[in-house]
Amino acid sequence: MGTAEMTPVAKTTTTTTATRTRTRRPIILSIDIGSSSIRCTPYMIVSHVVGEDRREKEEEQEETDFDSTAAVAAATAAATSTAATSLGGAPPLVLPIRTCSSVCQRSSVEPETGRILLERSTTSYREQDLLTGTTATWNEQDRAPVGGSDDSTNASTAAAAAAAITTCCSSLWQDIDSCIDNTLQCLRRGDEPWRSADDNDEQQQQQQQFDSSHSSPPHSFEIVAVGITSFVMNLVGIRSSSSIKEEQPILVDIPHIITDGKYTCSYACNTTRVQQECLKLHQLLGEERVGKLYQRTGAPIHPAYALGQLRALYHDVMEEESEEPKQQMMMKRDIKVDKKISKWTSIASICISNWTERDIHSMPISYSEASWTGMFDFWLGKWDEECLSLLPISCRNALPQVGQEVVEGGLNGEYQQRWPEFRNDCKFLLGCGDGACANIGSKCTSGVNRIAVTIGTSAAARLLLRLPVRDEGSVGGDASLDEIPMGLFCYRVDKDHVLLGGALTDGGSVIAWLRQLLNLKSQDEYHDCEQKALVEYRRAACTASHDEKKTNTVHSSSSSSSSSSSNKVLTFLPFLSGERSTGFRVGATGFISGLSRCTTSVDLLRECLESVVLRINAILELFQKAVIRLDHVSDAVIVASGNALEKSDLWREMLADCSGMTVVLDEDAHEGTSRGAALLVAKMLVEEMSCCKSTTSIEMSKEKLSVSHQSTPDELCRRYWMVKKQIQNQLIDTMESSWK
């Protein structure tokens, strides 16, 4: 993906022992910064095609300097050039070292306000042992031990432990660094096996072949590149140097950032203030201009995007910090805000700046990160002029540059000592949105043949399409994409590709909310409830297919008939955090209809699962309006990903029945977002070491699916879902007037 010109690659000194010298194992680090966790996973770049002449050259160079990056890039390029001949698609380019993956569970986004939680209170296991003499698991939300306590612990010791918890703080970037620390420590130990027990035979064979040609003792590895993916949208305000001493509190490790998260924006915002700002924009622009803006940016005017949040934030700063008359405040708005925020940037760009010598104020953000703000013209690949005109001058000037730059040059002095395994010319790819990486990691890069559906905390359905940035007035691209149907988003991923799809703020979070509501604390309790819901779902679907009365309801246009049906059927609108796709209705809230004394926990769980499926299916139906060729694809499949969807057989069965499409789980797509970031880095290395870009773009090969589970649609369920869809849509229409 990188487009920056490359300097000559520095040679890497090999590790020498008394008997022989081995090349260092080249490793890619993939860092996934999610809204509920941070994950660092090391990946090996797999050399599928390494000829005997190549092996001989490697052996000859054992006693000399060896350029491992060039070797890996050349081998991977060779594998790519022959991948098209592989039956069913190309084998994977990267393999995870799952036993060295490090995870930090942390909430990084505050619901409703959307503020990014830049700092959290925490404690270490060592502190717990010193204070209580025991090891306990600590709940991040209430800071209380949930297990392993000692009855002999007295009140004073418990108070001391509580005090330690509240006084020990960890920033988002410290947590990211700690994940990298843990992964590197595992790699240094050389823990075996490096492969996971759940890897299939083909994966294990590939890793064994890799190990045999890159045998090395512990410590003999090097980090050649780093890829970062994060939740989007995210923006963090950077303070000007003159205001750092005046404003508190600030992050100790990054003094340009305020800890309270006030100067941040994210996709999770749904405050009344921002909702009002979005409604004002609709009134100011009018329906026609709003529609044209949507077609340029691929995003509506909605609280989940940056335009309304930035306008509200600058207005709030103005009102909170001055008691002058409103007219005078308006005149001084830009001056006041300019003193506070000199630059807006992304979490990933702050990471790279913190690790390297790159100045934080000059760090760009990627096409992906910019496009997810909803203020980026994805056709022309630049900030949208009309969006900029709707922001204060100081805010416009503070927006970052956008590009596909690859930051290289290695770590700064502090991090060189901390992470000596990073190469001096280690490359850092600018951040990529988690949705785009999930598509790539799930092997959904071949256009309309594979649709990625992810249900984690949120939910989304996406297509990755080729659509190069174009000059004004020009047309083109392989996607047959003429316009964006209202209800979908379209974000630019890089200069050549866009991501078309729709997203729900609430996916797995609906089930998390229900489990808390029903007090289904243990996994066994929830699993038992889900199994009963599965039985009830199949019984209801079978009944609907044979019930002439319900069949007539589907085909009836009588409003009284539909109304009667909706009153009897349990119906849920899963807009607990507001609605994004497909209606983007500002002010939408969750709602449940049809409750009675006979309603059970099983009924509620089944309806919650079905409600999310219906909203995803609404997105899938809009794909056909956006992409002409989708109507002509008979073998299109849904590739499922996301922790919530991967673990629920019932949810995948419902999705297959409702959409009429086969739903598959791919063995390689576990933690697909991390895998996608690693693939982007691997392909960037190949691209920069080869002369032929056409074979190294995102869609350079259609990876072979390794299907571990498949759900096929049941035709008998079609009528059931037609009725459910009709009732849910009617309830949305009924409730819409109350949301305005």
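Above this text you will find the structure in question.
The model shown is predicted, which means the values in this text are computed figures rather than measured ones. (Residues numbered from 1 in each chain as written. Predicted model: local features only at pLDDT ≥ 70, side-chain atom pairs only at ≥ 80, totals over all residues. Heavy atoms only, no water.)

Caption draft 1: Structural detail: the pairing of strand 3 (residues 25-33). Where burial is concerned, most of strand 3 is hidden: nine out of the nine residues are buried. What you see with strand 3 is no split at all: Arg25, Ile27, Leu29, Ile31 and Ile33 on one side and Pro26, Ile28, Ser30 and Asp32 on the other are buried throughout. Of the strand pairs in this sheet, strand 3 and strand 9 (residues 221-230) are connected by nine bridges, and their pairing is parallel. Pairing of isoleucine 31 across the sheet is with isoleucine 228, part of strand 9. Strand direction decides the pairing type here: strand 3 and strand 4 (residues 37-45), joined by seven bridges, are antiparallel. Looking at strand 4, one finds that isoleucine 27 is bridged to methionine 44. The antiparallel hairpin formed by strand 3 and strand 4 contains three residues in its connecting segment. (Buried < 20%, exposed > 50% of the residue type's maximum accessible area, 1.4 Å probe, protein only. Helix = DSSP H or I, 4+ residues; strand = E, 2+ residues; numbered from the N terminus. Pairing = 2+ DSSP bridges.)

Caption draft 2: Structural detail: the side chain of arginine 580. Relative to the helices and strands, arginine 580 is located in the loop between strand 24 (571-573) and strand 25 (591-593). No salt bridge is formed by the buried arginine 580; its nearest oppositely charged neighbour, aspartate 434, is found at 8.2 Å. Among residues more than four places away in sequence, those in contact with arginine 580 are Tyr267, His302, Ala304, Ser458, Ala503, Leu504 and Thr505. (Lys, Arg positive; Asp, Glu negative; His and termini not counted. Salt bridge = Lys/Arg side-chain N within 4 Å of Asp/Glu carboxyl O. Contact = heavy atoms within 4.5 Å.)

Caption draft 3: Looking closely at the state of the cysteines. The full count for this structure, using the stated rule, is one disulfide. Cysteine 179 supplies the cysteine sulfur nearest to cysteine 40, a cysteine that is in no disulfide, at a spacing of 6.7 Å. Not part of a disulfide, cysteine 265 finds its nearest cysteine sulfur in cysteine 269, a span of 7.7 Å. Note on cysteine 265: relative accessible area 1%, which makes it buried. (Disulfide = S-S within 2.5 Å.)

Caption draft 4: Region of interest: the sheet that holds strand 10 (residues 234-239). Judged by pairing direction, the sheet is antiparallel, and its three strands sit side by side in the order 11-10-12 without closing on themselves. At either margin of the open sheet sits one strand with a lone partner, and together these are strand 11 (264-266) and strand 12 (341-345). Shown here is a sheet whose adjacent strand axes are inclined to one another by a mean of 15°, direction ignored. Note: strand 10 against strand 11, three bridges, orientation antiparallel. Looking at strand 11, one finds that asparagine 234 is bridged to serine 266. (Axes fitted to C-alpha atoms, helices over the stretch in contact; angles between N-to-C directions.)

Caption draft 5: Representation of unusual backbone geometry within the structure. The residue after valine 232, namely methionine 233, is reached through a cis peptide bond having omega 10°. Position of methionine 233 among the secondary structure elements: in the loop between strand 9 and strand 10. Residue serine 581 is joined to threonine 582 through a cis peptide bond whose omega torsion reads 5°. Structurally, threonine 582 can be placed in the loop between strand 24 and strand 25. Of note, asparagine 519 is a non-glycine position whose phi angle comes to about 60°, a positive value. With respect to the secondary-structure elements, asparagine 519 resides in the loop between helix 16 (508-518) and helix 17 (523-546). What makes asparagine 519 partly exposed here is its relative accessible area of 46%. Phi angles above zero are rare outside glycine, and glutamate 671 is one such case at about 55°. Take glutamate 671: it is sitting in the loop between strand 27 (662-666) and helix 23 (672-689).

Caption draft 6: Looking closely at the packing of aromatic side chains. Counted by the stated rule, this structure contains 17 aromatic pairs. Judged by centre distance (6.0 Å) and plane angle (70°), the rings of tyrosine 367 and phenylalanine 376 are edge-to-face. Given the relative accessible area of 8%, tyrosine 367 is considered buried. Following the ring pairs from residue to residue traces out a cluster consisting of Trp355, Tyr415, Trp419, Phe422 and Phe428. Arginine 239 extends its terminal NZ or CZ atom over the ring of tyrosine 263, reaching a point 5.1 Å from the ring centre. (Phe/Tyr/Trp six-rings, centres within 6.5 Å; stacked < 30°, edge-to-face > 60°. Lys NZ or Arg CZ within 6 Å of the ring centre and 35° of its normal.)

Caption draft 7: Expanded view of the pairing of strand 18 (residues 422-429). Here strand 18 lies mainly inside the structure; seven of its eight residues are buried. Of the strand pairs in this sheet, strand 9 and strand 18 are connected by three bridges, and their pairing is parallel. Bridged to isoleucine 223 within strand 18 is phenylalanine 422. Alignment of strand 17 (residues 406-408) against strand 18, held across three bridges, turns out to be antiparallel. Paired with glutamate 408 across the strands is lysine 427, a residue of strand 18.

Caption draft 8: Representation of the side chain of serine 659 within the structure. Along the polypeptide, serine 659 turns up in helix 22 (residues 649-659). Side-chain polar atoms of serine 659 contact the backbone oxygen of leucine 655, separated by 2.7 Å. Among the polar contacts made by the side chain of serine 659, one reaches the main-chain amide nitrogen of methionine 661 at a distance of 3.2 Å. Not counting residues up to four positions away in its chain, the partners in contact with serine 659 are Asn617, Leu620 and Ile638. (Polar contact = N/O pair within 3.5 Å; in protein donor to acceptor, adjacent residues only side chain to side chain.)

Caption draft 9: Summary view of the nonpolar core. Of all hydrophobic cores here, the largest spans 68 residues; its most connected members are Ile28, Leu310, Trp344, Met375 and Trp383. Among the elements that make up this core, the one with the highest residue count is helix 23 (eight residues). Listed in part, the 64 residues of the second largest apolar core include Leu534, Ala636, Trp651 and Tyr720. (Core = buried A, V, L, I, M, F, W, Y, C linked by side-chain atoms within 4.5 Å.)

Caption draft 10: Molecular detail of the packing of helix 17 against helix 20 (residues 601-626). Here helix 17 crosses helix 20 at 75°, and the two axes come no closer than 9 Å. Between helix 17 and helix 20, the angle falls in the class roughly perpendicular. For the pair formed by helix 17 and helix 20, the contact residues are Tyr526, Cys529, Glu530, Lys532, Ala533, Glu536, Tyr537 and Ala540 on the first element and Ser601, Val602, Leu605, Arg606 and Glu610 on the second. Along the lines of polarity and charge, the residues of the contact of helix 17 with helix 20 split into seven nonpolar, one polar and five charged. (Parallel < 35°, antiparallel > 145°, perpendicular 65-115°, else oblique. Nonpolar A, V, L, I, M, F, W, Y, C, P; charged D, E, K, R; others polar.)

Caption draft 11: Structural context of helix 7 (residues 272-297). With 26 residues, helix 7 extends only 24 Å from end C-alpha to end C-alpha; this falls clearly short of the ideal 38 Å at 1.5 Å per step. Along its length, helix 7 reaches its greatest deviation from straightness, about 105°, at glycine 286. Within helix 7 the residues assigned to the buried category are Arg273, Val274, Gln275, Glu277, Cys278, Leu281, Leu285, Val290, Leu293, Tyr294 and Thr297. Downstream of helix 7 by one or two residues, glycine 298 has phi in the positive range, about 70°. (Expected span 1.5 Å × (residues − 1). Bend = angle between axes of the 7 residues up to and from the residue.)

Caption draft 12: Layout of the sheet that holds strand 21 (residues 459-466). Within the open sheet, the seven strands sit side by side as 22-23-21-20-26-27-28. Their pairing is mixed. Of all strands in the sheet, those with a lone pairing partner are strand 22 (489-492) and strand 28 (707-711), marking the two edges. Within the sheet, the average angular offset between the axes of one strand and its neighbour, ignoring direction, is 30°. As defined by bridge partners, strand 27 adjoins strand 28 across four bridges and the pair is classed as antiparallel. Across the sheet, the residue bridging to leucine 665 is histidine 709, located in strand 28.

Caption draft 13: Representation of the pattern of salt bridges in the model. Here the structure, examined in full by the defined rule, presents 28 salt bridges. Close ionic contact of glutamate 579 with arginine 585 constitutes a salt bridge, the shortest N to O distance being 2.8 Å. For glutamate 579, a relative accessible area of 1% translates into the label buried. Salt-bridge contacts for arginine 606 lead to glutamate 610; the nearest nitrogen and oxygen are separated by 3.3 Å. Linking arginine 606 with glutamate 610, this pair stays in helix 20, spanning four residues, or about one helical turn.

Caption draft 14: Layout of the packing of helix 20 against helix 22. Contact geometry for helix 20 and helix 22: axes closest at 9 Å, N-to-C directions at 45°. Put simply, helix 20 runs oblique to helix 22. Relative to helix 22, the crossing made by helix 20 is right-handed. Residues Arg606, Leu609, Glu610, Val612, Val613, Leu614, Ile616, Asn617 and Leu620 of helix 20 lie in contact with helix 22, whose contacting residues are Leu650, Trp651, Met654, Leu655, Cys658 and Ser659. Taken together, the residues of the contact of helix 20 with helix 22 break down into eleven nonpolar, two polar and two charged. (Left-handed = near helix turned anticlockwise from the far one by under 90°.)

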